[in-house]
Amino acid sequence: MTRLSFEFFPPRESDGVLKLMNNVVPKLQESKPEFYSVTYGAGGSTREGTFETVASLRSTGFDAAPHLSIGADSEETTVELLQRYQNIGVRRIVALRGDVPSGLGRSLRSANAEALVRLIRKNFGDYFHIEVAAYPEVHPDATNPESDLDYFAAKIAAGADSAITQYFYTPYAYFDFRERCEKRGITAPVYVGIMPITTVDSIVRFSAKAGADVPRWMLKKLESIASDENAVREFGCEVCIRLCEDLMAAGVPGFHFYTLNRWGATRRIVDALRFD
Ligand code: FAD
């Protein structure tokens, strides 16, 4: 079975959660995701927004997992928040270091995702299923691919159950990462993050920040059709469909879609795939 999950960010507007629940979730639910996840703003800026969105999804019967980053939060704040999630029945956490908001200084980065995984296991035992992030194209902070893999291995050794990748458009990056994990004896499933392309500006901006590579041929094509929104969307969907097909043929365990709180492109891609 190919696992599907869909990611949202906590809406900013006061009626945003309602709109998400009424307009987006029903469309995505038809694809039968195993769970939804809700991002956590750098430095705890969406602590309540993430909680509220997760709680709304759960109260309507959907499985929802909060992202939680330790980048700028104290251990006490983090444990308290985890307790609140436990109280509403959440069983899955996407555990991250997170990115530190500008102005807070780099020293806060001394706590990484491995520390968060340890903190969760120490305080909650095996109660939560813990997902962590993986970087087939190597995290921007890494000095080299092998030290990056050391940090990934440490998160799994600390008790993470599975991982979700940063998005990429070159399947070989994943195959190489998987081989390197196998050589290290890392057997945790690594689900593939898929970023549908909707506008040229946004994909270029996101990718530069996230350290994700948009291959030259894709960029050239996107630039040549940038003024035609529909053509960009269609090309973006085709690329993601082909990417998913190649990955499925190679036996990936599933996909996690960065939906950006929209359903159109995600549904278009998922509907084109034949799942077992
Ligand atoms: P870690 O795994 O702790 O570290 C990432 C890399 O930094 C390591 O691979 C390693 O190369 C280096 N590193 C780690 N520790 C050290 C150390 N002690 N010394 C030197 N180098 C080190 N961000 C958000 O703010 N909110 C979200 O909700 C969110 N959701 C995400 C979901 C997914 C699936 C992914 C892939 C990313 C998400 N991010 C999110 C982005 C993520 O927070 C950033 O990529 C962040 O920079 C790293 O977080 P991490 O958990 O991967 O960190």
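Presented here is a report on the structure given in the accompanying data block. (Residues numbered from 1 in each chain as written. Predicted model: local features only at pLDDT ≥ 70, side-chain atom pairs only at ≥ 80, totals over all residues. Heavy atoms only, no water.)

### Some details on the overall build of the protein chain
Moving on, step 1. The number of helices and strands found in the protein chain is ten helices and eight strands.
Moving on, step 2. In terms of C-alpha radius of gyration, the protein chain reaches 18 Å, essentially the compact-globule figure of 19 Å for 276 residues.
Moving on, step 3. Each principal axis of the C-alpha distribution contributes one length, and for the protein chain these read about 50 × 45 × 45 Å.
Moving on, step 4. Looking at the protein chain as a whole, 51% of its 276 residues qualify as buried.
Moving on, step 5. Of the contacts made within the protein chain by residues no fewer than 6 positions apart, 80% connect residues no fewer than 24 positions apart.
Moving on, step 6. With an accessible surface of roughly 13,100 Å², the protein chain has 49% of that area assigned to carbon and sulfur atoms.
Moving on, step 7. Within the protein chain, the 36 negative side-chain charges are centred at a point lying 1 Å from the centre of the 32 positive side-chain charges. (Helix = DSSP H or I, 4+ residues; strand = E, 2+ residues; numbered from the N terminus. Rg over C-alpha atoms; globule rule 2.2 N^0.38 Å. Buried < 20%, exposed > 50% of the residue type's maximum accessible area, 1.4 Å probe, protein only. Contact = heavy atoms within 4.5 Å. Areas by Shrake-Rupley, 256 points an atom, 1.4 Å probe, with all protein chains shown as cover. Lys, Arg positive; Asp, Glu negative; His and termini not counted. Charge placed at Lys NZ, Arg CZ, Asp CG, Glu CD.)

### A word on the pairing of strand β2 (residues 35–38)
Moving on, step 1. Along β2, one buried face is formed by Phe-35 and Ser-37 and the opposite face, lined by Tyr-36 and Val-38, is buried too.
Moving on, step 2. As judged from the four bridges shared by strand β1 (residues 3–8) and β2, these two strands associate in the parallel manner. Each residue of the ladder has a partner; that of Phe-6, found in β2, is Tyr-36.
Moving on, step 3. With helix α1 (residues 16–29) bridging β1 and its parallel neighbour β2, the resulting β-α-β unit is right-handed.
Moving on, step 4. Here β2 pairs with strand β3 (residues 64–69) via three bridges, running parallel. In the strand pairing of β3, Tyr-36 is matched with Ala-64.
Moving on, step 5. Note that the unit made of β2, helix α2 (residues 47–59) and β3 has a crossover that is right-handed. (Pairing = 2+ DSSP bridges. Right-handed = clockwise from strand over helix to strand, strands pointing away.)

### Concerning helix α6 (residues 171–183)
Moving on, step 1. With 13 residues, α6 extends 19 Å between its outermost C-alpha atoms, agreeing within 8% with the 18 Å of an ideal straight helix rising 1.5 Å per residue.
Moving on, step 2. Listed as buried for α6 are Pro-171, Ala-173, Tyr-174, Phe-177, Arg-180 and Cys-181.
Moving on, step 3. Within two residues after α6, Gly-185 carries a phi angle of roughly 80 degrees, on the positive side. (Expected span 1.5 Å × (residues − 1).)

### Remarks on the pattern of salt bridges
Moving on, step 1. Across all of its chains, the model carries 17 salt bridges by this definition.
Moving on, step 2. The salt bridge involving Glu-146 is made with Arg-180; its shortest N-O contact spans 2.9 Å. Highlighted residues: Glu-146 in helix α5 (residues 145–157) and Arg-180 in helix α6, separated in sequence by 34 residues.
Moving on, step 3. Taking the relative accessible area as the measure of exposure, Glu-146 reaches 38% and is therefore partly exposed.
Moving on, step 4. The class for Arg-180 is buried, based on a relative accessible area of 13%.
Moving on, step 5. Of the charged contacts in the structure, one is a salt bridge between Arg-180 and Asp-176, with a shortest N-O distance of 3.2 Å. A residue pair is termed a helical-turn pair when its members lie 3 or 4 positions apart in one helix, as Arg-180 and Asp-176 do in helix α6 at four residues.
Moving on, step 6. Owing to a relative accessible area of 25%, Asp-176 belongs among the partly exposed residues under this scheme.
Moving on, step 7. Members of the salt-bridge network, linked through shared partners, are Glu-146, Asp-150, Asp-176, Arg-180 and Arg-184. (Salt bridge = Lys/Arg side-chain N within 4 Å of Asp/Glu carboxyl O.)

### Topic: the packing of aromatic side chains
Moving on, step 1. The full count for this structure, using the stated rule, is 13 aromatic pairs.
Moving on, step 2. With centroids separated by 4.8 Å and ring planes inclined at 85 degrees, the aromatic side chains of Tyr-127 and Phe-128 adopt a geometry described as edge-to-face.
Moving on, step 3. With a relative accessible area of 1%, Phe-128 lands in the buried category.
Moving on, step 4. With centroids separated by 6.0 Å and ring planes inclined at 85 degrees, the aromatic side chains of Trp-217 and Phe-235 adopt a geometry described as edge-to-face. On the criterion of sequence distance, the pair formed by Trp-217 in helix α8 (residues 216–224) and Phe-235 in helix α9 (residues 229–249) is long-range, its members being 18 residues apart.
Moving on, step 5. Phe-235 sits in the buried class, given a relative accessible area of 8%.
Moving on, step 6. The ring of Phe-206 carries Arg-205 above its face, with NZ or CZ at 6.0 Å from the centroid. (Phe/Tyr/Trp six-rings, centres within 6.5 Å; stacked < 30°, edge-to-face > 60°. Lys NZ or Arg CZ within 6 Å of the ring centre and 35° of its normal.)

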